[in-house]
Amino acid sequence: MPEVKCNVIIDSCCDLPPAVIDVPGVELLRFPFIMDGEERFDDMFETMSAHDFYGRMRKGASCSTAQIPFPVLHDAFVRAAESGVPTVYLGFTSGLSGNFGTAQMLCEQVSAEYPDAELYAVDTRLASIAEGLLVFEALRQRAQGLTASELAAWAEEARFFVNEQFTLDELEWLKKGGRIPSTVAFAGSKLDVKPMMDISLDGKLSLAGVARGRKKGIRQLADYYKRRAAELGTGTHIVIGSADCPKDVERLKEELYKVDDTVLFLEASIGPVIGSHVGPGMLAIAFMGQDAREDLSVSDRIAKKVKGA
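The structure presented is a predicted model; accordingly, all values stated were derived computationally and were not measured.

Novice: How should I be thinking about the sheet that holds strand 13 (residues 283–288) in this particular structure?
Specialist: Strand pairing in a sheet is mediated by backbone hydrogen bonds. Such pairs are either parallel or antiparallel. Spatially, 10-9-8-13-11-12 is the arrangement adopted by the six strands of the open sheet, whose pairing is mixed. Two strands lie at the open edges of the sheet, namely strand 10 (205–212) and strand 12 (264–269), each paired on one side alone. Sheet twist, expressed as the mean angle between neighbouring strand axes with direction ignored, is 20 degrees. Where strand 8 (residues 162–167) and strand 9 (residues 193–199) come together, two bridges link them in antiparallel fashion. Residue pairing across strands places Phe166 opposite Met197, the latter belonging to strand 9.

Novice: When you look at the sheet that holds strand 6 (residues 87–91) in this model, what are you seeing that I'm missing?
Specialist: On the basis of which strands lie adjacent, the open sheet formed by four strands has the order 2-1-6-7 and parallel pairing. This sheet does not close on itself; its edge strands, each paired only once, are strand 2 (26–29) and strand 7 (119–123). Mean inter-strand twist for the sheet, computed between neighbouring axes without regard to direction, equals 20 degrees. As defined by bridge partners, strand 1 (residues 7–11) adjoins strand 2 across four bridges and the pair is classed as parallel.

Novice: How should the packing of helix 5 (residues 128–143) against helix 6 (residues 148–158) be read in this particular structure?
Specialist: Helix packing for two helices is described by the angle between their axes and how far apart those axes are. One way to put it is that helix 5 packs onto helix 6 with a least axis distance of 11 Å and a crossing angle of 145 degrees. Between helix 5 and helix 6 lies a crossing of right-handed hand. For the pair helix 5 and helix 6, the contacting residues are Leu134, Glu137, Ala138, Gln141 and Arg142 in the first and Leu151, Trp154, Ala155 and Ala158 in the second. Considering only residue class, the contact of helix 5 with helix 6 consists of six nonpolar, one polar and two charged.

Novice: How do you make sense of the side chain of Glu137 when you look at a structure like this?
Specialist: Along the chain, the position of Glu137 falls in helix 5. For Glu137, a relative accessible area of 8% translates into the label buried. The residues contacting Glu137, other than those within four sequence positions of it, are Trp154 and Met288.

Novice: Quick question: what am I supposed to make of the nonpolar core here?
Specialist: Nonpolar side chains tend toward joint burial in soluble globular proteins. Among the nonpolar cores identified, the biggest contains 72 residues, and Phe53, Tyr54, Phe77, Tyr89, Leu90 and Met282 are the most heavily contacted of them. Membership of the second largest hydrophobic core comes to 18 residues, among which are Ala222, Ile238, Cys245 and Phe287.

Novice: Just to check I follow, could you spell out the environment of Thr65 for this structure?
Specialist: Examined against the element boundaries, Thr65 turns out to sit in strand 5 (residues 63–65). Residues Thr65 and Pro32 lie 33 residues apart in sequence; the distance between their C-alpha atoms is 6.2 Å. Once residues within four sequence positions are removed from consideration, Thr65 is found in contact with Pro32, Phe33, Val273, Ser276 and His277.

Novice: Looking at this model, I keep getting lost on helix 6. Mind explaining?
Specialist: Residues lying three or four places apart along an α-helix face the same way, a consequence of the helix completing one turn every 3.6 residues. Residues of helix 6 that are buried include every one of Ala148, Leu151, Ala152, Ala155 and Ala158, and no others. Buried residues along helix 6 cover an arc of 140 degrees about the axis, so they all sit on one side. Those residues of helix 6 hidden inside the fold are in contact with strand 1, strand 6, strand 7, helix 5, strand 8 and strand 13.

Quick notes on the rules
Residues numbered from 1 in each chain as written. Predicted model: local features only at pLDDT ≥ 70, side-chain atom pairs only at ≥ 80, totals over all residues. Heavy atoms only, no water. Pairing = 2+ DSSP bridges. Helix = DSSP H or I, 4+ residues; strand = E, 2+ residues; numbered from the N terminus. Axes fitted to C-alpha atoms, helices over the stretch in contact; angles between N-to-C directions. Left-handed = near helix turned anticlockwise from the far one by under 90°. Contact = heavy atoms within 4.5 Å. Nonpolar A, V, L, I, M, F, W, Y, C, P; charged D, E, K, R; others polar. Buried < 20%, exposed > 50% of the residue type's maximum accessible area, 1.4 Å probe, protein only. Core = buried A, V, L, I, M, F, W, Y, C linked by side-chain atoms within 4.5 Å. Arc of directions from axis to C-beta.

Laid out in structure tokens, this is it:
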């Protein structure tokens, strides 16, 4: 086995199963959330099950989220610097939270205080299981011997090849969070319209389309994989994320097997931070596939080139 040459800091918004990330040299930073006035920290549903969390939401529990506390981020980078091991932080998208901006600032500050330390902060521009897939693949690359600088460069390129899409069972939760107008949520519920959403290049939520009914939404997720998977029939890893809807997970797996019967599934629960905003019933897939930058229009590609992005 190649020598592991760096450590990795990740955060709980990656929504991966604890067993996947419980490996030496990986530190998990937990996002806080508040449920019915009680502050908790996202421990990947180890102390409260996903079923209990979403069950409380269904009964009307109020949920909100916050950034990782400043001292927690600072102390993590100090520990990394003092360890003497080059370290990469793979952070939750800056498009949905100010957390990465704070982390990047602290990473630079600690690097100035410890000039011999090798620290990197990478904005994954991804969330939930899409972020989780990037972390999963990054840990595989780390195990194969990438250095910290190589891993950071790899992540900054690989993030554009993470394909993700998800559907929601209800629009009510997005309405509560101010993501959509009340009139749209009302009309959607009456028409049984399920939004199909993804993450844009800058790491923000984007409406990809709609499905008339849950079953069609599940089929559209499988069709999305069929259109965008980099390779078929080669044991591709697909991460399936769900917010307490196990029957729908099985239906989605059946549809995906019809497309490619060699896929390998990694099942994950949508964590309380993302779950607080999307509510129970979210169903998502993520896989390595086509370069998202190729989806830009010619006009947008020119604009990005002019900006040097």
